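# Overview (structure and organization)
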Amino acid sequence: MDHIFENTEVAFSLKSDSELERAYFLFKMISIEPLVKIGSVATNLAIKAHLPIEGLIRSTVFDHFCGGVNEEDCLPVIDRLYEKGVSSVLDFSAEGKESAKEFDAAMHTTLKIMDFANERPAMPIAVFKPTGFGRFKLFEKLSKGDSLTAKEQEEWEQVVYRYDMVCKKGKEHDIEVLIDAEESWMQKASDDLVTKMMHKYNTEKPIVFNTLQMYRTDRLDFLKQEHQLAKENGYYLGYKLVRGAYLEKENERAKDKGYPTPMCSSKEATDTNFNAAVAYMLDHIEDMSIFLGSHNEDSSYKMMQLMAEKGFKNNDDRVWFGQLYGMSDHITFNLAERGYNVAKYIPFGPVRDVMPYLIRRAEENTSVAGQTGRELTLLSKERKRRKLN
């Protein structure tokens, strides 16, 4: 099993020669850290100044990491992926919204995607971000246990309503709803709300999924407590497991405010925590479903190995693997080739709205040790195989 992710012919089978060259060029650029920093600043300035750079962004970074500007635009991508056995999770990636009008729009977009997905077996999963449906400060205040003003209480009821509308639609259409995790100091309010939604909608099987960021030291205990609660109350659990994306921010805030960091002390400790959660969930698969959101080869191998040891079929519908569009194709397509359930997260939205997401991806790729190097090695290998050098 150990070398299945080395197969670049399968990994890049959807890429034309020119798309392969573009990917190689992009990751080459991303691998140069100062360039990413300058590029991020320059791009932000250019967008704020309304310079005509959308075309350039669209034909390079955007088309590599995003599916399109709206859901219709993503259809060719969705269809091509599905021909290779890969499902799609459309992720409306506009960030940093603040008004009720924008939150309602995000909810309506998510509901629209779910109606769109209802006709398409290629789209069994929907997703949203807590702060897409409500103000960060509101989540933060509730998470701290502070009491809300009457106006804030009313505002929170609207957030609950948005969550409920989407989870209800998930149940009606039999589409799984993955709810992202964000910073630790706003997470408790979302966690409590997601638990309520699970209780309400996960009565026959998992429909509503929360996200556990395993770089947090408390998440394994949280998982076990939630499992206990679900057993006592007769509902199922769904969790997407990720390592986490706000490490530097989390550590900085803990230091500034003088509290112990909620983060694992090292990459190894995070890996151990992550693998323990995978093992726990597979041990209790009769009560829960797992979505492994990971670009880590070892984690993917470990889950495959545990599935084999426990006698699971590769396509057991309680077990999913997922990666971001434009990254880790060697994992996605080689898993699909072997009949595992695997999905690509496909961000979409107007180019300027999606820019913060794209900039974060580029920065993350430079800061995650080995990520860009791995992509480049595999792309080089495939260029050689196709004699494009």
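A brief structural summary. Per chain, residue numbering runs from 1 following the sequence as it is written. Per-residue local features are limited, in this predicted model, to residues with pLDDT of at least 70; the limit for side-chain atom pairs, both in listing and counting, is 80 or more; totals at the level of whole chains, interfaces and linings are taken over all residues. Side-chain measures were taken over the full set of non-hydrogen atoms in the model, leaving aside hydrogen atoms and water.

What follows is about the packing of aromatic side chains. In this scheme Phe, Tyr and Trp rings, the latter by its six-membered ring, pair at centre separations within 6.5 Å, and the angle between planes marks the pair as stacked below 30 degrees, edge-to-face above 60, and tilted otherwise. Per the stated rule, a full pass over the model turns up 10 aromatic pairs. With centroids separated by 5.5 Å and ring planes inclined at 50 degrees, the aromatic side chains of Phe92 and Phe348 adopt a geometry described as tilted. Of this pair, Phe92 sits in strand E1 (residues 87–92) while Phe348 is found in strand E8 (residues 342–348), placing the two residues 256 residues apart along the sequence. Among the aromatic side chains, those forming a connected cluster through ring pairs are Phe128, Phe133 and Tyr163. A cation over an aromatic ring shows up here: Arg219 above the ring of Phe222, its NZ or CZ 4.2 Å from the ring centre. For a ring to carry a charge above it, either NZ of a lysine or CZ of an arginine must fall within 6 Å of the ring centroid while also lying within 35 degrees of the normal to the ring plane. It is Arg383 that lies over the ring of Tyr24; its NZ or CZ is 3.9 Å from the centre. Helix and strand definitions here come from DSSP, where helices need a minimum of 4 consecutive H or I residues and strands a minimum of 2 consecutive E residues; each element is numbered from the N-terminal end.

Another aspect to go through is helix H11 (residues 247–257). Listed in full, the buried residues belonging to H11 are Glu250, Arg253 and Ala254. The buried residues of H11 occupy an angular sector of 100 degrees when projected down its axis, which confines them to one face. For H11, the exposed residues lying more than 90 degrees away from the buried face are Glu248, Glu252, Lys255 and Asp256. By definition in these notes, contact holds between two residues if any of their heavy atoms fall within 4.5 Å. In this structure, the buried side of H11 is in contact with helix H7 (136–144) and helix H9 (184–201). Relative accessibility thresholds used throughout: buried, under 20% of the residue-type maximum; exposed, over 50%; partly exposed, between the two (1.4 Å probe, protein chains only). The arc in question is the one spanned by the directions pointing from the helix axis to the C-beta atoms.

In this analysis, the expected span of each helix is defined as 1.5 Å times one less than the number of residues it contains. Look at helix H13 (residues 297–309): 18 Å from first C-alpha to last across 13 residues, which is about the 18 Å you get at 1.5 Å a residue. Those residues of H13 lying buried are Glu297, Ser299, Ser300, Tyr301, Met303, Met304 and Met307. Elements in contact with the buried residues of H13: helix H12 (267–283), strand E6 (288–293), strand E7 (319–324), helix H14 (329–337) and helix H16 (371–385). Polar contact is the term for a pair of N or O atoms within 3.5 Å; when the atoms are in protein, one must be able to donate a hydrogen and the other to accept it, and sequence-neighboring residues count only if both atoms are side-chain atoms. The N-cap of H13, judged by a side-chain oxygen 2.9 Å from the amide nitrogen of Asp298 a few residues on, is Asn296. Backbone geometry just after H13 places Gly311 at a positive phi near 75 degrees.

With that settled, consider the environment of Tyr325. Along the chain, the position of Tyr325 falls in the loop between E7 and H14. Owing to a relative accessible area of 16%, Tyr325 belongs among the buried residues under this scheme. Residues in contact with Tyr325, not counting those within four places in the same chain, are Asp63, His64, Phe65, Cys66, Gly67, Val77, Lys344, Tyr345, Ile346 and Pro347.

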